[in-house]
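The residues making up each chain are set out below.
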Amino acid sequence: MSRPARGHHSQGTGADADETAATDRGEGPPRVVVIGAGIVGCSLADELTARGWTDVTVLDQGPLPAPGGSTSHAPGLVFQTGPSRTLTAFATYTVEKFTALEVDGLPCFDAVGGLELATTPERWADLHRRAGFAASWGVRAELVGPARCKELWPLIDESLVYGGLHTPDDGLARAVLACRAQMERARARGARFLDRHTVTGIERDGGRVTAVVTDRGTFPADHVVSAAGFWGPVIGRMAGVDVPLLPLAHQYAKTKPLPELALGDARGTGDMRGIGDVRGTGDPRGHAPGARTPRPEASRPVLRHQDRDLYFREHSDRIGIGSYAHRPLPVDPFAVPAYDDAEVMPSSYPFTEEDFAPSWDECRRLLPALDDSEVEEGFNGVFSFTPDGMPVLGESRALRGFWLAEAVWVTHSAGVAKAVAEWMVDGRPSLDLHECELTRFEDAQRSPAYVAERGARQFVEVYDVIHPLQPPDEPRPLRVSPFHIRQQELGAVFLEGGGWERPHWYEANASLTEGLELPPRDAWAARHWSPIVAAEARATRERVALYDMTPLRRLEVTGPGSLAFLQRMTSNNLAKKPGSVTYTLLLDEAGGIRSDLTVARLAPDRFQVGANSPADLDWLLRHAPDDVHLRDITSGTCCVGVWGPLARALVQPLTRDDFSHEAFGYFKAKETYIGHVPVIALRLSYVGELGWELYTTADLGLRLWDTLWEAGRAHGVIAAGRSAFNSLRLEKGYRAWGHDMTTEHNPYEAGLAFAVRMDKGDFVGRSALEAHREPSEPARKLTALLLDDPAAVVLGKEPAYVDGAPAGYVTSASYGYTLGRCVAYAWLPPLETGTGVHVEYFGEKVPATVAEEPLFDPEMTRIRR
């Protein structure tokens, strides 16, 4: 899209000078220019025009309908199920939409199904977990034995197979054909698609996008969407917007014809038309009008052999093989050749046989019929990876009206397009997109080195069995708190989040496990866990512990309009005296929970805000008036949580201020000194015990830790990690945004009505909440569950069953060491306390009971003392 193209004109593009002139226009829908006519750009044009935004122009540097990006070579696999509910929803919509589309009698989706094989015990166990994801997200799936796998794919050697996961609604998307179908629909509503237009610049004025410049004219625009695929960083640089993705080449090969597929096969000869074939081996334009309708090219399920990083699909009498087993092959998007300069197409690089050789051996092991065959053709196809493997979506705050729809695979394409179209037209997507928003990355995660390293790691791990707590290996350590050296001395076991090194437990506390009676854990639940976690939780309940809370985001809000601004942006009443602390919510206009905040009013026009992600700051900055100043102070500050029944005994001797309950009540703030260290002390507790969060500047952080540690020795102080923290917060029923609630949930169904003050005046989301106010019963509730078996453990995202049928899913879970049971929160229909349900864990239905919350200390006596 950004590379020079040699003056080819395609039929229907019109006169350049007239159609691209920046002329004044009358009233009408916003002018949208989409850069990229691959599957995402075509899907987006269809979705936008269907919503009434019909002034849509889609530009591409290559010829339509296969301009040479990733879509043009995509093998079309669609597997819906994964750990991300959002990605699964994208894929489900893509299947539904493409199933309903056809061109010249040829369907855009073949529901041949999917079959994931397990050839190791670990993979077989993981397929049980994936079956749970399918049940949680509403995808049909069935675990099957080796004989059924052989029945579905007769060519496999079933002696290698433990079993498989059959997903009958998965299949093959004809990506180029789906582009054609959606182009026709969008054109009928007024959109235009112009090929052979190379984007050379993005014009802007006053912080807003105004036009897209090409080698054939300038296109005025109110909104520009970069759907350029692996060219995304190139377009982003033109707009001054960072696009954190890494293009990588992925091997795809086709065998010679196999007699086993041709003999007695009712599928006929088939062809590659509309499948997104490589130029020169098929016709990417699809089935020509007037020709006979070709028979289906595939009838067997798409096959994944993830233990060897391979997948297979039929191409009539041949087999297509994709491999992730080779070394990462990064591609510089700024050096990709133009369409007419490419040997085949820009996204297709020469096949490196030496990289494929080990995979070919594994293919022949699984499919012995390949022993007498060979690779007839192959290529290294380029597509995009991000540091976390998720798409990059949303509008840039630095350049208003400039949107990204990048790092999107065919699998998720129509779903992403729908979400972005909703976002643009309605102001919000109906799905929670926090995993995909371009604002999710920290500054430290945007460096080219980080993007390259983590992007390559995503490629390597694409088919790996990944534990939800498994941290990446590199680059680490990246961000550390001032206490890091002391944590290392205490034998901290670090996991990682947001680039931060986060202690999950401390080996120095190993001796505290003596005498603890804990149920044994299965191998999966025992990963990234230690019995020390239970000891740290008990020490917090019985004595006092120090928790490093530095990675929690902190914002400073100042200025004469700060109170009015925060009142407008959040749901609770912040009009309280300085020294008050308030738990409140950031809502969107539909009443969905964008985030939860803890707001401390330190002075009439000065607030410290505890937030969740970079998206919170971005949201607030988008709405802040000129008399309000916001800044992220996280990196320059630090925080220690001092919690436990002996917290006051530890802290009080270190300060001249009165830390008694009467003088320093719950949810109050005070600026004071702890020894030599100036701190902001907040009387808060997210573990359900007496205590304070103590904030200071990063340069004084180590001194603060040492001061507290030395004073705490007499009280048996320990350092405790995030694993104990998570257990304790679930026992108290404290929610974790992004896990327990998102924009798809309102405060009433999430159990957060106490954080909404409808009588305080207008605020974002208030009008929408009017329809959800109690006493009306919500259709679903975030529900506390206790597993009946003291030895049972679940970890999150498991399906929850009511009366034998899937009814919801687990959001957060952890063993409650104080309660002697695993605590799980789940979205379920309203159920009476005491109702029995089941949670499916690796295929086993584990009994659980709906519990009254909070499960621990409902009278709040331990905190308010």
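Details of the structure are given in the entry above.
To keep things clear, this report deals only with the structure shown in the data block. Since we're looking at a predicted model, the values are computed, not measured.

Re the sheet that holds strand β19 (residues 318-323)
Right, so step 1: Taking strand neighbours across the sheet as the criterion, the 9 strands line up as β8-β9-β7-β17-β18-β19-β16-β21-β20 in an open arrangement whose pairing is mixed. Either end of the sheet is taken by a strand with one partner, and the two such strands are β8 (142-144) and β20 (348-350). Sheet twist, expressed as the mean angle between neighbouring strand axes with direction ignored, is 25°.
Right, so step 2: Where strand β7 (residues 114-118) and strand β9 (residues 163-167) come together, 5 bridges link them in antiparallel fashion.

Focus: empty space enclosed by the protein
Right, so step 1: The tally for this structure, following the rule as stated, stands at 5 cavities of 30 Å³ or more.
Right, so step 2: Approximately 90 Å³ is the volume found for the largest cavity.
Right, so step 3: Lining the largest cavity are Glu501, Arg502, Pro503, Tyr506, Tyr547, Asp548, Met549, Pro551, Leu552, Ala720, Gly721 and Arg722.
Right, so step 4: Per element, the largest residue contribution to the lining of the largest cavity is 4 residues, and it comes from strand β25 (residues 500-506).
Right, so step 5: For the lining of the largest cavity, the residue count by class is 7 nonpolar, 1 polar and 4 charged.
Right, so step 6: The computed volume of the second largest cavity comes to approximately 50 Å³.
Right, so step 7: Along the walls of the second largest cavity sit Leu518, Pro519, Pro520, Arg521, Trp529, Ala791, Val793, Tyr815 and Tyr817, which together make up its complete lining.
Right, so step 8: Of the residues assigned to the lining of the second largest cavity, the class counts are 8 nonpolar, no polar and 1 charged.

Section: the packing of helix α4 (residues 85-99) against helix α11 (residues 413-426)
Right, so step 1: The contact between α4 and α11 brings their axes to 6 Å, and the two run at 105°. Here α4 lies roughly perpendicular to α11, going by the angle between them. Where α4 abuts α11, its residues Phe90, Tyr93, Thr94, Lys97 and Phe98 lie against Ser413, Ala414, Gly415, Val416, Lys418 and Ala419.
Right, so step 2: Among the residues making up the contact of α4 with α11, the classes are represented as 6 nonpolar, 3 polar and 2 charged.

What about the sheet that holds strand β10 (residues 171-173)?
Whenever strands of a sheet pair, they do so through backbone hydrogen bonds, lying parallel or antiparallel.
Right, so step 1: Spatial strand order, β3-β10-β6: 3 strands in an open sheet with antiparallel pairing. Both outer strands of the open sheet, β3 (77-78) and β6 (109-110), are each paired with one neighbouring strand and no more.
Right, so step 2: Note that β6 and β10 share 2 bridges and pair antiparallel. Along β10, the bridge assignment pairs Asp110 with Leu172.

Quick notes on the rules
- Going along each chain's sequence as written, the residues are numbered from 1 onward.
- Where totals are concerned, whole chains, interfaces and linings use all residues; where local detail is concerned, this predicted model gives features only for residues with pLDDT of at least 70, and gives and counts side-chain atom pairs only at 80 or more.
- Where side-chain values are given, they derive from all heavy atoms of the structure, hydrogens and water being excluded.
- Between any two strands, pairing holds if DSSP finds at least two bridges.
- Only DSSP runs of H or I covering at least 4 residues are called helices, and only runs of E covering at least 2 are called strands; the numbering of each starts at the N terminus.
- Lines fitted to C-alpha atoms define the axes here, with helix axes fitted over just the stretch in contact, and angles between the N-to-C directions of these axes take values from 0 to 180 degrees.
- Lining residues are defined by having an atom within 4 Å of a point belonging to a cavity or pocket. Those points lie on a 1 Å grid over the protein atoms alone, cavities being sets where a 1.4 Å probe fits but cannot get out and pockets being open sets with protein on both sides within 12 Å along at least five of seven lines.
- Grid points are joined across faces, edges and corners, and a volume is the space filled by probe spheres set on the points.
- The classification used treats Ala, Val, Leu, Ile, Met, Phe, Trp, Tyr, Cys and Pro as nonpolar, Asp, Glu, Lys and Arg as charged, and all other residues, Gly among them, as polar.
- Orientation categories follow fixed angle ranges, with anything under 35 degrees roughly parallel, anything over 145 roughly antiparallel, 65 to 115 roughly perpendicular, and all other angles oblique.
- In what follows, residue pairs with any heavy atoms lying within 4.5 Å of each other are defined as contacts.

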